[in-house]
Amino acid sequence: MSLFKARDWWSTVLGQKEEFDQGCLCLADVDNSGNGQDKIIVGSFMGYLRIFNPHPVKTGDGAQAEDLLLEVQLRDPILQVEVGKFVSGTEMLHLAVLHSRKLCVYSVSGTLGNVEHGNQYQIKLMYEHNLQRTACNMTYGSFGGVRGRDLICIQSMDGMLMVFEQESYAFGRFLPGSLLPGPLAYSSRTDSFITVSSCRQVESYKYQVLAFATDADKRQETEQQKLGSGKRLVVDWTLNIGEQALDICVMSFNQSASSVFVLGERNFFCLKDNGQIQFMKKLDCSPSCFLPYCSVSEGTINTLIGNHSSLLHVYQDVTLKWASQLPHVPVAVRVGSLRDLKGVIVTLSEDGHLQCSYLGTDPSLFQAPKVESRELNYDALDAELKELQRIIKDVNKSQGVWPMTEREDDLKISAVVSPDFDSVSQAPDVEVGTDLVPSVTVKVTLQNRVALQKAKLSVYVQPPLVLSRDQFTFELTAPEMTRTVAFSVFLKGSYAPPELEGNAVVSYARPTDRSPEGIPRVTQCKFRLPLKLICLPGQPSKIASHKLTIDTNKPPVSLLSLFPEYENASRIFPLPVQRRVAYINKLVISIFINYFFPLLERYRIQSEQFEDLWLITNELIIRLEEYFEKQGSKDFACSFSGSMPLQEYFALIDHHFELRINGEKLEELLSERAVQFRAIQRRLLTRFKDKTPAPLQHLDTLLDGTYKQVMALADAVEENQASVFQAFSRLRSATHLLLLLVRLWQKLSVDQVAILEAAFLPLQHDTQELGWEETVDAAVSHLLKTCLSRSSKEQALSLSSQLSKPRDTSRLKKHITLLCDRLAKGGRLCLSTDAAAPPAMVMPGGCAPIPESDLEERATEQDSTELFSSHKHLTAEPPTPEVAPLQGVSE
């Protein structure tokens, strides 16, 4: 916001629901009074023509009845109004009004009134031209160097310039390569028309070249043109400004030179009359209109620029000299002399706010009251400050960093998952073979304590799980209201979700006395979906590519006790858990328990794909902990003593990164084909608009082939995006499994596991701009250089402030290997600065420092190969005994 405001001298509002644009405002002595005072001429798109002569009694007065000299409604919308010498035989000023299909020239005259009502004004139509093409804008001037009269040039919507010599039509010319019309201006010094084409370049055409060029009305060549009398329309000069232009103005401050001013969408250009850039200014706000005018300093130019922030800036060349606030967004600005006041700024808004203002400031009459002087008791202030600090410290200790609020009491949210499948599956058109995909109903209940506003419930589950509905809105206008919604969850995809947890989030606004609209707040609750939604029992498979063994300190438990929902399927051979065949590419995940050797206290999980072990392993551990907690055993613990499956994990990372690289290559190729397609379209359009038909030279065939390539590449990009989405979900499952094994392996605490999850699972969605690999690499590098560092030298190393896609995954894999190595040697994960201090040697095994070069990284990799070797079987197994059947089930 500007420090100063434009001082309101006179203002009014024109009509109701009328629209205006930059060509609808003009200032001139249109009634030829000869006193040097300008009148304000305004035309609207509703067809109203108004002429004002403001006479405010005091500064800031609104419009009086006598200020409006003339108001008449024409039949057609008014696109532009101009005042000039448009009638032959006289040098009096006349008013030109441009309609979409007509150009009218009027004379404005006033008659002295005999009574107190004042003078009477009227307009008289001098002549009009019916246009064959829809008009866009116009300009006027002494074309060809004529004296004592002005000619008019109208630009049509299809890029044709029509020149009128007052009452007669002269000629019309098509601008070459014109697609959309741009702003138009006339330079009297060079006798040329200047416009900005749709190619975003400023173009200048000489009037003489336009006059002697081929007539635009004649579509076929005549004999006279074949003999050479007709010439081709050639541009005088061009300048590419790289953006669309809002307006053009030509100013001649002396006889020796003139300047061309171009207002772009983001920049303001000043050009010489030969097309060279004199200066350029990048604007901070989006401009809406401008007006160059003479400066009091010799050799400089002043410019008024209005923008969409309702500001009016005054520039001297490229230097901002003044900024003032306007009450509206101006679309047109003019400067004139009104009632012996020179330099009045007249602005017009899009909705008809017309204001005459001047720049400056008014003196402030406010005086600050004197402060009552009194002596301060500094001892009492110190005691009060210490007491407040003590209270703040106690609150932070008891409630954490963030103070507790009543938002938990404002709205209570709970979710209940049905233990049984829906009687009628809610999965639409999801059927594999003869099996219909089941669905489970989830009910979410909201109970508010106070009246709330804008309550919206959003539900999220991990793909490929989908919801029958994920958005709900509520009207909780009264306290103690209860609302319950139900929706179904089902599987839609051929791979396993990384998690079975769902999240229900409610956003709402709590109204207060100070904020009637309400303070935005959010509350949420989590719910867990049943395992049988994605798994069903089946025959076990003793042969699998990936196996892992979980050790416990308690005797093995019957699987039917751990998975009671599969009790009805007890006819299955002793291994009752298997993924639903139709959903996960017929993959079988088996759990083995050795009843012949109960002292082994082991559970073995195996599968053909590494990432599919996660859900069953996690579910097994959770149900074991719940089982022994119900038994009253508090010392139950699980452990993992095998080698870390890093090679299998790295294979999934490489696959995901390869798909990201392929996606980037496909998008680049698609962009190239799109550019080629647009170039062919432009050439075809040029051929079709050419007056002389020419052969297409197989451009249509090339266009069709390019279109097919674009569609094929677009399909390939979509297919690759789906593959990246699926690979990222599999990678998340494998990451969860790896972190679970690290937790069991090193007996990590809950806080340490949270640090690892924040480092390895930072993203819910993967994109080309910010991917999983670079994000995790930065997080793991931070852990290695802080809490897992060995020396202060490593802590002093600075990380890059920008995340960029790596060339490959070798660095990430080495950092993950080094992280596991340091955890194996006693490293401790902690976010506090004390844990990362160099004296606290928390690694008794003596970890190597972070590699600062490729040679050091190779050395580190060689040291860690003994600990993390590549195994298809992830644990050393004893001689496999016979697998016992389930309790109570005979073979």
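Going by the structure above, here's the rest.
Residues numbered from 1 in each chain as written. Predicted model: local features only at pLDDT ≥ 70, side-chain atom pairs only at ≥ 80, totals over all residues. Heavy atoms only, no water.

1. Observations regarding the nonpolar core
In terms of nonpolar packing, the biggest core is built from 97 residues, with L457, F487, Y649 and F760 touching the most fellow members. Tallying contributions element by element places helix α8 (residues 699-746) first for this core, with 11 residues. Every residue in contact with F760, bar those within four places of it in the chain, is listed here: Y649, T735, L739, W772, V776, V780, I816 and L819. Grouped together as the second largest cluster of nonpolar side chains are 18 residues, L69, L74, I78 and V81 included. (Core = buried A, V, L, I, M, F, W, Y, C linked by side-chain atoms within 4.5 Å. Buried < 20%, exposed > 50% of the residue type's maximum accessible area, 1.4 Å probe, protein only. Helix = DSSP H or I, 4+ residues; strand = E, 2+ residues; numbered from the N terminus. Contact = heavy atoms within 4.5 Å.)

2. Here we look at unusual backbone geometry
Of note, the bond from P463 into P464 is cis; its omega dihedral lies within 30 degrees of zero at 10°. Examined against the element boundaries, P464 turns out to sit in the loop between β35 (453-460) and β36 (465-467). Within the chain, S310 stands out as a residue other than glycine whose phi angle is a positive 60°. Assignment of secondary structure puts S310 in the loop between β25 (301-307) and β26 (311-316). The class of S310 is buried, set by a relative accessible area of 14%. For E480, which is not a glycine, the phi torsion comes out positive at approximately 55°. Within the secondary structure, E480 sits in the loop between β37 (471-474) and β38 (481-491).

3. Some points on the side chain of K102
With respect to the helices, strands and loops of the structure, K102 is situated in strand β10 (residues 102-111). The exposure class of K102 is buried, given its relative accessible area of 13%. If we ignore the near neighbours within four places in the chain, the residues touching K102 are R75, D76, V97, E128, H129, N130 and L131.

4. Digging into the pattern of salt bridges
Taken as a whole and assessed by the stated rule, the structure comprises 25 salt bridges. Across the salt bridge formed by R660 and E774, the nearest N and O atoms sit 3.1 Å from each other. Here the residue R660 occupies a position in helix α7 (residues 646-689), and E774 occupies one in helix α10 (residues 772-785), the gap between them amounting to 114 residues. For the pair formed by R660 and E774, the shared burial category is buried. One salt bridge in this structure joins K708 and D704, with 3.5 Å as the shortest N-O distance. With a gap of four residues between them, K708 and D704 both fall in helix α8, about one helical turn apart. The exposure class assigned to K708 is exposed, which follows from its relative accessible area of 54%. (Salt bridge = Lys/Arg side-chain N within 4 Å of Asp/Glu carboxyl O.)

5. Describing the sheet that holds strand β23 (residues 277-282)
Strands sit in the order β20-β21-β22-β23 across an open sheet of four strands; the sheet is antiparallel. Each having just a single partner strand, β20 (245-251) and β23 make up the two edges of the open sheet. Taken pair by pair, the neighbouring strands of this sheet meet at an average axis angle of 15°, ignoring direction. (Pairing = 2+ DSSP bridges. Axes fitted to C-alpha atoms, helices over the stretch in contact; angles between N-to-C directions.)

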